[in-house]
Amino acid sequence: MSEPVLYRVNQGVAEIVLNRPEKHNAFNADVIQSLNEMIEETANDSAVRIVVLRSEGKHFSAGADLEWMRANANADHQANLDDAAELARLMRGLFELPKPTIARVQGSAFGGALGLISCCDIAIASARSKFCLSEVKLGILPAVISPYVLRAIGPRAMQRYTLTAELFDAKEALRLGLIHEIVEETNLDAEVELFTRLFKQNGPNALSRAKELLRRVEASPIDDALVEHTTRAIADVRVSSEGQEGLSAFLEKRPAAWTLVDGAAEHD
């Protein structure tokens, strides 16, 4: 039996690959556990600069595996709490991963798959992709994924698509803000490569701090505490070694030391 999730690193890019094409990459407890382990590994691996979440086969993910959900329905309340907590850990871990993340989406993305997409910094979908918050059709809720999907598409759209469980296409997903780009499926990898090249030009610490900053700003009122936080943030990075290298590289018209070419820094 093949591994349900694959992990590979090449030239600073870690690919986390859903590998259950025969099940339309639906996730179960084993998949969630593997994803949690891989996300933790990428967070702690200094060789990893960028993370791409992708899948094998025709579809990105059908969401939760029906057999897994049936087993959960027969389990007690505590078992369901524990199970949901692991899924919640996955979503939060992906959302807070201190490295840029890209979702590469082909085919269908249903239910919890929209949570995975929403937790990534960049989402690229094929023109034939279809999306659905399908949970209420099954008598359940998009509960664990709701903070992330709502953040991506906004409360009004979330209300509509949660309550109707209707299918929507890539153009609508783009309009809503769930995805950033639509390309033909044959061009998905090239578009992912374009974004990875952009990320490789940017300071790794700056990228991590920028993600943290944006989460803080979004969750805070514009008050004295936020102004002080942003003031300190810029002051801290200006005097950091990465900030000083970035400014020097710009003034000297050369690539910064962190710029990756063929998986290594462009210069020492």
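The residue numbering used here restarts from 1 in each chain and proceeds along that chain's sequence as written. Under the rules for a predicted model, residues below a pLDDT of 70 receive no local features and side-chain atom pairs below 80 are neither given nor counted, while totals for whole chains, interfaces and linings still include all residues. Note that water and hydrogens are dropped before the side-chain values are worked out from all heavy atoms of the structure.

Draft legend 1. Examining the overall build of the chain more closely. Strands here mean DSSP runs of E at least two residues long; helices mean DSSP runs of H or I at least four residues long; both are numbered from the N terminus. Along the backbone of the chain there are eleven helices and eleven strands. Throughout, radius of gyration means the C-alpha value; the globule benchmark is 2.2 Å times the number of residues raised to the power 0.38. Its C-alpha atoms give the chain a radius of gyration of 20 Å, within 12% of the compact-globule value 18 Å for 268 residues. Any pair of residues with heavy atoms lying within 4.5 Å of one another is described as a contacting pair. In the chain, of all internal contacts separated by at least 6 residues, the share reaching a separation of at least 24 is 67%. Looking at charge distribution, the chain has the averaged site of its 29 positive side-chain charges lying 5 Å from that of its 39 negative ones. We count Lys and Arg on the positive side and Asp and Glu on the negative side, and we leave His and both chain ends out. Taken as the charge location is NZ of Lys, CZ of Arg, CG of Asp or CD of Glu.

Draft legend 2. Representation of the packing of helix 9 (residues 204–219) against helix 10 (residues 224–238) within the structure. Lines fitted to C-alpha atoms define the axes here, with helix axes fitted over just the stretch in contact, and angles between the N-to-C directions of these axes take values from 0 to 180 degrees. Viewed as axis vectors pointing N to C, helix 9 and helix 10 meet at an angle of 170°, and their least axial separation amounts to 11 Å. The angle between helix 9 and helix 10 falls in the class roughly antiparallel. Residues Arg209, Leu213, Arg216 and Val217 of helix 9 lie in contact with helix 10, whose contacting residues are Ala225, Leu226, His229, Thr230, Ala233, Asp236 and Val237. Three categories are distinguished: nonpolar for Ala, Val, Leu, Ile, Met, Phe, Trp, Tyr, Cys and Pro, charged for Asp, Glu, Lys and Arg, and polar for the others, with Gly belonging to the last. For the contact of helix 9 with helix 10, the class distribution of residues is six nonpolar, two polar and three charged. If an angle is under 35 degrees, it is roughly parallel; if it is over 145, roughly antiparallel; if it lies from 65 to 115, roughly perpendicular; otherwise it is oblique.

Draft legend 3. Seen up close, the packing of helix 3 (residues 77–95) against helix 4 (residues 112–119). Interaxial distance between helix 3 and helix 4 falls to 8 Å at its minimum, and their mutual angle equals 25°. Of the possible angle classes, the one that applies to helix 3 and helix 4 is roughly parallel. Handedness of the crossing formed by helix 3 with helix 4: right-handed. Each of Leu90, Met91, Leu94 and Phe95 in helix 3 lies in contact with helix 4, whose residues at this interface are Gly112, Gly115, Leu116 and Cys119. Note on convention: the crossing is left-handed when the near helix lies turned anticlockwise from the far helix by less than a right angle, right-handed when the turn is clockwise.

Draft legend 4. Spatial organisation of the sheet that holds strand 7 (residues 130–132). Strand pairing is assigned whenever DSSP identifies at least 2 bridges connecting the two strands. The three strands are arranged 5-7-8 in an open sheet whose pairing can be described as mixed. Edge positions in the sheet fall to strand 5 (108–110) and strand 8 (168–169), since each of these pairs with one other strand and no more. In this structure, strand 5 lies alongside strand 7, joined through three bridges in parallel fashion. Paired with Ala109 across the strands is Phe131, a residue of strand 7. On the sheet, helix 4 packs against strand 5, strand 7 and strand 8 and is oriented at approximately 100° with respect to strand 5.

Draft legend 5. Broad picture of the layout of surface pockets. By volume, the largest pocket is sized at about 900 Å³. Residue lining of the largest pocket: 37 residues in total, with Ala64, Trp68, Met69, Glu135 and Ile140 positioned closest to the centre. Going through the elements one at a time, helix 2 (66–73) and helix 3 are the ones with two or more residues in the lining of the largest pocket. Looking at the lining of the largest pocket residue by residue, the classes come out as 22 nonpolar, eight polar and seven charged. Here a cavity denotes a set of grid points, spaced 1 Å apart and computed over the protein atoms alone, in which a 1.4 Å probe fits but from which it cannot get out, and a pocket denotes an open set meeting protein on both sides within 12 Å along at least five of seven lines; residues with an atom within 4 Å of a point are reported as lining. Grid points are joined across faces, edges and corners, and a volume is the space filled by probe spheres set on the points.

Draft legend 6. Molecular detail of the side chain of Glu135. With respect to the helices and strands, Glu135 occurs in the loop between strand 7 and helix 5 (146–153). When accessible area is computed with a 1.4 Å probe and restricted to protein chains, residues below 20% of their type maximum are described as buried, those above 50% as exposed, and intermediate ones as partly exposed. The term salt bridge refers to a pairing of a side-chain nitrogen on Lys or Arg with a carboxyl oxygen on Asp or Glu at a separation within 4 Å. Buried within the structure, Glu135 lacks any salt-bridge partner; Lys137 is the closest side chain of opposite charge, at an N-O distance of 10 Å. Ignoring anything within four residues of it in the chain, the contact list for Glu135 reads Gly111, Gly112, Ile140, Leu141, Pro142 and Ile145.

Draft legend 7. Representation of the nonpolar core within the structure. Residues enter a nonpolar core if they are buried and are Ala, Val, Leu, Ile, Met, Phe, Trp, Tyr or Cys, with the set joined through side-chain atoms within 4.5 Å. With 47 residues, the main nonpolar core has Ile117, Phe131, Leu178 and Ile179 as its most contacted residues. Setting aside residues no more than four positions away along its own chain, Ile117 makes contact with Phe60, Ala103, Val105, Ala109, Ala123, Phe131, Leu178 and Ile179. By size, the runner-up hydrophobic cluster in this structure holds twelve residues, among which are Ile122, Leu188, Phe195 and Phe199.

Draft legend 8. Spotlight on the pairing of strand 6 (residues 122–126). Judged by how many residues are buried, strand 6 sits mostly within the fold: five of five residues are covered. Residues of strand 6 alternate between two faces, with Ile122, Ile124 and Ser126 on one and Ala123 and Ala125 on the opposite face, all of them buried. Sheet topology note: the strand 4 (residues 101–105)/strand 6 ladder contains four bridges and is parallel. Bridging across to strand 6, Val105 finds its partner in Ala125.

Draft legend 9. Inspection of empty space enclosed by the protein at higher detail. Throughout the structure, instances matching the rule amount to one cavity of 30 Å³ or more. Looking at the largest cavity, its volume works out to about 40 Å³. Taken together, Ile16, Leu35, Ile39, Val51, Leu53, Leu90, Leu94 and Leu116 form the lining of the largest cavity. Of all the elements in the fold, those that place two or more residues in the lining of the largest cavity are helix 1 (29–44), strand 3 (50–55) and helix 3. The class makeup of the residues in the lining of the largest cavity is eight nonpolar, no polar and no charged.

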